[in-house]
Amino acid sequence: MADRPVIFVLNGPNLNMLGTREPEIYGTTTLDDIAAMLEDRALELGLAIEMRQSNHEGHLVDWIQEAHLSDAKAVIINPGAFTHTSVALYDAIKGVTIPVIEVHLSNPHAREAFRHKSFVGQAAKGTIAGFGAQSYMLALDAAARF
Ligand code: DQA
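For clarity, every value in this text was computed on a predicted model and none was experimentally measured. Residue numbers run consecutively from 1 along every chain, following the written order of its sequence. It should be noted that, the model being predicted, local features are given only for residues of pLDDT at least 70 and side-chain atom pairs only at 80 or more, the latter also being counted only at that level, while totals for whole chains, interfaces and linings use all residues. Each side-chain value is worked out from all heavy atoms of the structure, with water and hydrogens disregarded.

1. Quick word on the pattern of salt bridges
Any Lys or Arg side-chain nitrogen located within 4 Å of an Asp or Glu carboxyl oxygen qualifies as a salt bridge. Taken as a whole, this structure holds 6 salt bridges when the rule is applied. When the shortest N-O distance is used, the salt bridge between Arg-41 and Glu-44 registers 2.7 Å. Of this pair, Arg-41 and Glu-44 both sit in helix 2 (residues 31-45), 3 residues apart, which is roughly one turn of the helix. What makes Arg-41 partly exposed here is its relative accessible area of 25%. For Glu-112, the salt bridge is made with Arg-115, and the minimal N-O distance between the two is 2.7 Å. For every residue, the accessible area (1.4 Å probe, protein chains only) is compared with the maximum for its type, and the residue is labelled buried under 20%, exposed over 50%, or partly exposed between those bounds. Among the residues examined, Arg-115 registers a relative accessible area of 16% and is labelled buried. One salt-bridge network, in which partners are shared between bridges, spans Arg-41, Glu-44 and Asp-141. Strands here mean DSSP runs of E at least two residues long; helices mean DSSP runs of H or I at least four residues long; both are numbered from the N terminus.

2. Quick look at the site of the ligand
Any residue with at least one heavy atom within 4 Å of a molecule or strand is counted as near it. Neighbouring the ligand are Arg-21, Tyr-26, Asn-78, Gly-80, Ala-81, His-84, His-104, Leu-105, Ser-106 and Arg-115. Distance and chemistry together define a polar contact, namely a pair of N or O atoms within 3.5 Å, with one atom able to donate a hydrogen and the other to accept it when in protein, and with adjacent residues in sequence counting only for side-chain atoms on both sides. In the environment of the ligand, an oxygen atom lies 2.9 Å from a nitrogen or oxygen atom belonging to the side chain of Arg-21. All accessible-area figures derive from a Shrake-Rupley calculation using a 1.4 Å probe, and residue coverage is judged against the displayed protein chains alone. When the ligand sits alone it has 320 Å² of accessible area, and the protein chains cover 99% of it. Of the two site types, the cavity is a set of points on a 1 Å grid over the protein atoms alone where a 1.4 Å probe fits but cannot get out, and the pocket is an open set with protein on both sides within 12 Å along at least five of seven lines, each lined by residues with an atom within 4 Å of a point. Assignment of a molecule to a cavity or pocket requires that more than half of its atoms lie within 2 Å of the corresponding grid points. Counting atoms within 2 Å of the grid points, the majority share of the ligand lands in the largest pocket. Within the shell around the ligand, the residues separate by chemical class into 3 nonpolar, 5 polar and 2 charged. Gly falls in the polar group here, along with every residue not listed as nonpolar (Ala, Val, Leu, Ile, Met, Phe, Trp, Tyr, Cys, Pro) or charged (Asp, Glu, Lys, Arg).

3. Examining the packing of helix 3 (residues 57-69) against helix 4 (residues 87-94)
Close contact between helix 3 and helix 4 brings their axes to 9 Å; oriented N to C, the two are set at 5°. Taken together, the axes of helix 3 and helix 4 are roughly parallel relative to one another. Each of Glu-57, Leu-60, Val-61 and Ile-64 in helix 3 lies in contact with helix 4, whose residues at this interface are Ala-88, Leu-89, Ala-92 and Ile-93. Residue classes in the contact of helix 3 with helix 4 are distributed as 7 nonpolar, no polar and 1 charged. Working convention: axes come from line fits to C-alpha atoms, limited for helices to the stretch in contact. Angles between N-to-C directions cover 0 to 180 degrees. Oblique is the label for any angle not covered by the other classes, which are roughly parallel (under 35 degrees), roughly antiparallel (over 145) and roughly perpendicular (65 to 115). Any two residues whose heavy atoms approach within 4.5 Å are treated as being in contact.

If you want it as structure tokens, here you go:
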């Protein structure tokens with residue numbers, strides 16, 4: 001892993017339940033499956049993946065700061081429900097210079113009205129949503145070009 005540029009892939013609440021959580025919305029791919037797909041693609045791109053998940057908002061704030069301070073290349077974040085609530089994540093992203101890509105498995109704009117607002121999307125460089133696990137792969141390809 002030594003010299004490859006690092007991409008932090010941060011996952012918020014309930015994403016540890018992927019595979020069994022509302023499969024009609026999120027599919028049956030687990031977070032471990034997504035990690036394995038990202039690892040394979042990262043190797044091809046000459047990158048390293050630092051994959052993390054937490055149900056706690058502050059952990060995600062800490063990890064955004066850590067990615068920035070450790071000179072990682074980019075952050076890919078699926079903030080889960082914190083997308084729609086978290087001023088702390090908005091401030092964390094605004095407070096660093098590392099590029100942050102927001103990803104979602106589902107397309108929040110095609111779902112309930114409370115999912116239409118994204119605090120994270122207002123601070124992120126860009127958003128990829130609605131392509132299931134492929135959203136993460138598209139984000140990784142985008143991050144590779146930074
Ligand atoms: C999600 C969309 C959010 O609205 C939801 O709260 C999630 C998952 C997605 O990946 O589609 O937990 O971020």
